[in-house]
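The chain contents come next:
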Amino acid sequence: MIVAGFILLAVGAADLVRQFAPRRWIGYLSVAVILLLLGSVSDALLPMVLAIVVGALWVWCMPTGRPAPLGFWPAVLLAVVSVGAVVGLGARADAGLIGAIWHLRSPFGEVPFDLALLALGAGVFLLESSNLVVRAALDGEHTWLPADPADPAASASRETVAAAETPVASETVDGVSDDATEDAVAMSATLPVTAPRDPRSGFKGGRLIGPLERILVLILTLAAAYPILAAMLAAKGIVRFPEISRDGETGARAEYFLVGSLVSWVIALGAAFLVWWAAHS
């Protein structure tokens, strides 16, 4: 259990540093120090070292600025390792120095330190790391992604495509010769081409909605509030329905919504399963 908690905490904290820390090396150093302190007081130095190694490998395998080189598989391997650590290793009888002074009560009873660390690691992982997993799943299925208007490379690419697809008139119109028409087209080609703004571009709410949704799914699942959970998931589909209904014949938005939502829910339910199993084992 403690191994899975440290691994999820290290991976989740590393991704938060990559996303929000202005100086990453300071953030990585802070995460390493916190993990070292937790490992020292809980007599879990070996799981702590393993977590740092896994976190470093995760940062390499799941980059933020480009598609993941190994696709979706690092997330699958991380899930297998986490489930194996919780199911196979179980809880420890002695939590070290902090175990002697640790007392945390909840509506469900006493919460041991190892279980609290696992819940903390699962929650941190659901914040930013799960966004990377969802993105890798969408990339792996070649699903349409909303364009980022702040990305100049993407904007230039769209302008190039729009310019390439612009039809060129080569016939004589109203007595104008082909040469004159070609000269006019050549002059217009030198002007900057502005691609029409994609109404689907600029969606940034998913970076906030996704983590909040996963945290709510985790809490509601652990609290056995299944009717509220079902209502929340249904409400998301209802809110998104007008947007999806304008998709036309391509189905790109519907595919984007379904793949992203299902992967996000599976991650949150998997985290809830880990914590539930650890609490009842």
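Quick note: structure is the one above.
Note that the coordinates shown come from a computational prediction; the quantities given were computed from them, not determined experimentally.

Caption draft 1: Fine view of the overall build of the protein. Secondary structure summary: the protein contains twelve helices and two strands in total. Helices and strands in the protein line up, N terminus first, as α-α-α-α-α-β-β-α-α-α-α-α-α-α. By residue count, 37% of the 281 residues in the protein fall in the buried class. Of all intrachain contacts in the protein linking residues separated by at least 6 positions in sequence, the fraction that spans at least 24 positions is 75%. Surface exposure of the protein reaches about 16400 Å², of which carbon and sulfur atoms provide 70%.

Caption draft 2: Representation of helix H7 (residues 129-140) within the structure. Spanning twelve residues, H7 covers 17 Å between terminal C-alpha atoms, matching the ideal 16 Å at 1.5 Å per step. The element H7 is extensively covered by neighbouring structure, given that nine of its twelve residues are classed as buried. Among the residues of H7, Ser129, Ser130, Asn131, Leu132, Val133, Val134, Ala136, Ala137 and Leu138 are the ones counted as buried.

Caption draft 3: Layout of helix H3 (residues 45-61). Compared with the 24 Å implied by 1.5 Å per residue over 17 residues, the 24 Å span of H3 between its first and last C-alpha is a close match. Packing partners of the buried residues in H3 comprise helix H1 (2-20), helix H2 (24-41), helix H4 (73-89), helix H6 (113-127) and H7.

Caption draft 4: Structural detail: unusual backbone geometry. Despite not being glycine, Asp43 shows a phi value in the positive range, around 55°. Residue position: Asp43 is located in the loop between H2 and H3.

Caption draft 5: Structural context of the side chain of Ser129. Among the structural elements, Ser129 can be located in helix H7. By relative accessible area, Ser129 is classed as buried at 0%. Here Ser129 is in contact with Val11, Gly12, Asp15 and Trp58, once residues within four sequence places are set aside.

Caption draft 6: Representation of the pattern of salt bridges in the model. Within the structure shown, the criterion is met by four salt bridges. When the shortest N-O distance is used, the salt bridge between Asp15 and Arg18 registers 2.4 Å. Within this pair, Asp15 and its partner Arg18 are both found in helix H1, separated by three residues, close to a single helical turn. Asp15 gets classed as buried once you look at its relative accessible area, which sits at 2%. Between Arg92 and Asp114 there is a salt bridge whose closest N-O contact spans 2.9 Å. Taken as a pair, Arg92 in the loop between H4 and helix H5 (97-101) and Asp114 in helix H6 lie far apart in primary sequence, 22 residues in all. The class for Asp114 is buried, based on a relative accessible area of 4%.

Caption draft 7: Spatial organisation of the layout of surface pockets. Volume-wise, the second largest pocket comes out at about 500 Å³. As for the second largest pocket, its lining consists of 17 residues, of which Ser106, Phe108, Val111, Leu115 and Val275 are closest to the centre. Looking at the lining of the second largest pocket, the elements with two or more residues in it are strand E2 (109-110), H6, helix H10 (206-222) and helix H12 (252-280). Looking at the lining of the second largest pocket element by element, the count peaks at four residues for H12. Its residues assigned to classes, the lining of the second largest pocket shows 13 nonpolar, three polar and one charged.

Caption draft 8: Structural view of the nonpolar core. Formed by 51 residues in total, the largest nonpolar core has its most connected members in Phe6, Trp58, Leu118 and Phe125. Listing elements by their share of this core, those giving two or more residues are H1, H2, H3, H4, H6, H7 and H12. Discounting chain neighbours no more than four positions away, the residues touching Leu118 are Met1, Ala4, Gly5, Leu8, Val86, Leu274, Val275 and Ala278. Core analysis: the next-biggest nonpolar cluster, separate from the first, contains five residues, Val217, Leu220, Leu229 and Ala268 among them.

Criteria and thresholds
Residues numbered from 1 in each chain as written. Predicted model: local features only at pLDDT ≥ 70, side-chain atom pairs only at ≥ 80, totals over all residues. Heavy atoms only, no water. Helix = DSSP H or I, 4+ residues; strand = E, 2+ residues; numbered from the N terminus. Buried < 20%, exposed > 50% of the residue type's maximum accessible area, 1.4 Å probe, protein only. Contact = heavy atoms within 4.5 Å. Areas by Shrake-Rupley, 256 points an atom, 1.4 Å probe, with all protein chains shown as cover. Expected span 1.5 Å × (residues − 1). Salt bridge = Lys/Arg side-chain N within 4 Å of Asp/Glu carboxyl O. 1 Å grid on protein atoms, 1.4 Å probe; cavity = no way out; pocket = protein on both sides within 12 Å on 5 of 7 lines; lining within 4 Å. Points joined across faces, edges and corners; volume = space filled by probe spheres on them. Nonpolar A, V, L, I, M, F, W, Y, C, P; charged D, E, K, R; others polar. Core = buried A, V, L, I, M, F, W, Y, C linked by side-chain atoms within 4.5 Å.

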